Every structure is written in C-alpha cells, then in structure tokens.
Amino acid sequence: MTVYAIIGGTGLTQLDGLTITAALNRETPYGVPSAPLLRGEYAGRDVLFLARHGHPHRVPPHQVNYRANLWALKEAGAQAIIAVNAVGGIHMAMGTGHFCVPHQLIDYTAGREHTFFEGELQHVTHIDFSHPYDAELREKLCSGLLAEGCAFSSHGVYGCTQGPRLETVAEIARMERDGCDIVGMTGMPEAALARELALPYACLSLVVNPAAGKSAGVITMAQIERALEEGMGKAKAVLARVLAA
Ligand code: HPA
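So, how was this worked out
- Residues numbered from 1 in each chain as written.
- Predicted model: local features only at pLDDT ≥ 70, side-chain atom pairs only at ≥ 80, totals over all residues.
- Heavy atoms only, no water.
- Helix = DSSP H or I, 4+ residues; strand = E, 2+ residues; numbered from the N terminus.
- Buried < 20%, exposed > 50% of the residue type's maximum accessible area, 1.4 Å probe, protein only.
- Near = heavy atom within 4 Å.
- Polar contact = N/O pair within 3.5 Å; in protein donor to acceptor, adjacent residues only side chain to side chain.
- Areas by Shrake-Rupley, 256 points an atom, 1.4 Å probe, with all protein chains shown as cover.
- Contact = heavy atoms within 4.5 Å.
- Disulfide = S-S within 2.5 Å.
- Expected span 1.5 Å × (residues − 1).
- Axes fitted to C-alpha atoms, helices over the stretch in contact; angles between N-to-C directions.
- Parallel < 35°, antiparallel > 145°, perpendicular 65-115°, else oblique.
- Left-handed = near helix turned anticlockwise from the far one by under 90°.
- Core = buried A, V, L, I, M, F, W, Y, C linked by side-chain atoms within 4.5 Å.
- Salt bridge = Lys/Arg side-chain N within 4 Å of Asp/Glu carboxyl O.

A. Region of the structure containing the environment of Gly44. With respect to the secondary-structure elements, Gly44 resides in the loop between β3 (37-42) and β4 (45-51). Gly44 sits in the exposed class, given a relative accessible area of 57%. In this structure, the C-alpha to C-alpha distance between Gly44 and Ala245, residues 201 residues apart in sequence, is 9.8 Å.

Structure (structure tokens):
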C-alpha cells in the first residue's frame, strides 16, 4: 500500500485521529525539517505527517525549509504527498470555504532554496514539470471532496507569492490576467522539490479569504482564522476518506 505523507499547512498543524507510533527528528543534508515527522496510523493505514510551519505554527512561508521537509519525508518512506494549504480566492468561483484541487501553478516566489540539483553535480538535470500535480492523486482528492459534500473545483491555477505580506490589488489583478484562480505562499518550491524526488504530489487548497481587491474591505487575520476553523475540519474528513479508500 502506498505510504502517503500529509503536509499540513496553516490551520492543520496536527492531525487529530492520527495514532502516532513515532516522532522522527531528522537532520538532512539540507538542515532540519519544520517539525518532527510523525509516523502513525490514520484511517487504517500507515501515514506520515509533517506540519509545514512547525507545531506550534511559527515558521513563515518564506522561511520554511522546503528541501529539508521533502528530503526527510522521502527518507522516511513517503511514496506520495498530499499538501494542504490555505489560499486566497481570485476567480469568482473561489469563495471563502471553497476547496480547489489545482492542476497548474505559476511561481512568483523569489530567493527560496528551490532545487536539489545544485552544487557539485555529475551532470545538469532539468526535470519535466509541465504538469506539476499528480493526476491520480488529484482525482482521489476530488472523489473525497465529492463524498464529503464539499463545494470544490477540480481544476485551478495556483499562484505562489513570496509573502509573508499579502498582495496588492494590482498584483492580484496581474495574477488574474496571468490566469491564476487562487493565491498562496507555500505551493512552491514544494511541488517542484517533490517532482525532483519523483514523489507524486497534489494539493488540497482551502480558500480562506477573497484575495486583495476581491472584496470591499481589507483582509483580516480574524476572517482568515474563522474560515480555517470551519474549513480544516472538512479537509481532515476528506483526507480520512482518501486514505481509507
Ligand atoms: N494571499 C496569499 N496567500 C494566502 C492568502 C492570500 O490572500 N490567503 C491565504 N494564504
């Protein structure tokens, strides 16, 4: 059976219902992951869980050691990765509380350690990244969302910004012209690093606010936290479905 790793984002720093059998503190050639990797049983199968921002939540998106996180998960035996993240909604369909299983992404980040292929290399490697997300895993997430009765979009373009600040109205307008449907800060380089390690990867994105300029007011943390509280419970139910299937 495939060993799944779940990378929990904001609002998902722990996985209730996970019977923990080990907490692995791994040093990798790239440093230490955001938190101990939790190995355990969830929905009747072996899973790995990692809190992307640490537990408690303290590592901001631009300072997450994505390379250490992915390397440690691979080394611990992960065979596929489900990444959960909170996003802002750009497209009209992406209202607060809506889920999206993105099929494409655009990377707007800068200065992050984004590849394993550097330093003393035997040869130069260019991975194919035409389709950044694994189709089979995306389908599983969509089936889980359907079974849980969640409002969701089975496709979407994820735009990844550097953060930690939110975007300007003009930046979101540009991202919309680029074709982005949702905006988040953690989708990259995570997806690319997973591909470099040949790990199938897909995202379960929860919209927690309208992106800048997409609502009348300013974006508040209180609004985001409210949406996280309501939505992450559903996200956990979806994960349990996917893993039990
Ligand atoms: N922008 C970027 N990242 C986010 C947002 C947003 O509006 N909401 C949650 N993560």
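Once you've had a look at it, read on.
B. Structural context of the site of the ligand. Inspection of the region around the ligand gives Ala86, Val87, Gly88, Leu166, Glu167, Val183, Gly184, Met185, Val208 and Asn209 as its neighbouring residues. Separating a nitrogen atom of the ligand from a backbone N or O atom of Gly88 is a distance of 3.3 Å. Between Asn209 and the ligand, the recorded distance is 2.6 Å, taken from a side-chain N or O atom to a nitrogen atom. Bound to the protein, the ligand loses 92% of the 260 Å² it would expose on its own. Put simply, the parts of the chain that give the shell around the ligand at least two residues each are β5 (80-89), β10 (182-184) and β11 (201-210). With three residues, the single largest contributor to the shell around the ligand is β5.

C. Quick peek at the environment of Glu176. By the secondary structure assignment, Glu176 is in helix α3 (residues 169-178). Spatially, the C-alpha atoms of Glu176 and Asn25 are 40 Å apart, while their sequence positions differ by 151 residues. Not counting chain neighbours up to four residues away, the residues in contact with Glu176 comprise Ile90 and Lys214.

D. Spatial organisation of helix α1 (residues 66-75). Taking burial as the measure, the 10 residues of α1 include seven buried ones, the bulk of the element. Within α1, the full set of buried residues consists of Tyr66, Arg67, Ala68, Asn69, Leu70, Ala72 and Leu73. Buried-residue contacts for α1 involve β1 (4-8), β3, β4, β5 and α4 (190-196). Taken from the residues just after α1, Gly77 is the one with a positive phi, measuring 110°.

E. Spotlight on the state of the cysteines. Evaluated as defined, the whole model comprises zero disulfides. Between Cys160, a cysteine without a disulfide, and Cys203, which holds the nearest cysteine sulfur, the sulfur-to-sulfur distance is 9.2 Å. Not part of a disulfide, Cys203 finds its nearest cysteine sulfur in Cys100, a span of 9.2 Å. What makes Cys203 buried here is its relative accessible area of 0%.

F. Representation of helix α2 (residues 135-147) within the structure. The terminal C-alpha atoms of α2, which comprises 13 residues, lie 18 Å apart, in line with the 18 Å expected from a rise of 1.5 Å per residue. Along its buried surface, α2 packs onto β1, β5, β6 (99-100), β8 (152-153), β11 and α5 (221-244). Put simply, Asp134 is the residue that caps the front of α2, since its side-chain oxygen is 3.4 Å from the backbone nitrogen of Glu136.

G. The packing of α2 against α5, seen in detail. Relative orientation of the contacting elements α2 and α5 amounts to 120°, with a least axis distance of 8 Å. Judged by the inter-axis angle, α2 sits oblique to α5. For α2 against α5, the interelement crossing comes out right-handed. Contacts between α2 and α5 involve Lys140, Leu141, Gly144, Leu145 and Ala147 from the former and Val238, Arg241 and Val242 from the latter.

H. The arrangement of the nonpolar core in detail. In this structure, Leu70, Leu73 and Leu239 are the most contacted members of the largest nonpolar core, which totals 70 residues. For this core, the element with the highest residue contribution is α5, accounting for nine residues. The contact partners of Leu70, leaving out residues within four places of it in the chain, are Ile7, Ile81, Phe116, Glu190, Leu193, Ala194, Leu197 and Leu199. Membership of the second largest hydrophobic core comes to nine residues, among which are Ile90, Val157, Ile172 and Ala211.

I. The arrangement of the pattern of salt bridges in detail. Inspection of every chain in the model, using the stated rule, returns nine salt bridges. Across the pair Glu118 and Arg67 runs a salt bridge whose closest N-O atoms are separated by 2.9 Å. Here the residue Glu118 occupies a position in the loop between β7 (104-107) and α2, and Arg67 occupies one in helix α1, the gap between them amounting to 51 residues. Among the residues examined, Glu118 registers a relative accessible area of 40% and is labelled partly exposed. For Glu136, the salt bridge goes to Lys140, with nearest N and O atoms at 3.6 Å. In this pair, Glu136 and Lys140 both sit in helix α2, four residues apart, roughly one turn of the helix. Residues joined by salt bridges that share partners form a network here, namely Arg67, Glu113 and Glu118.

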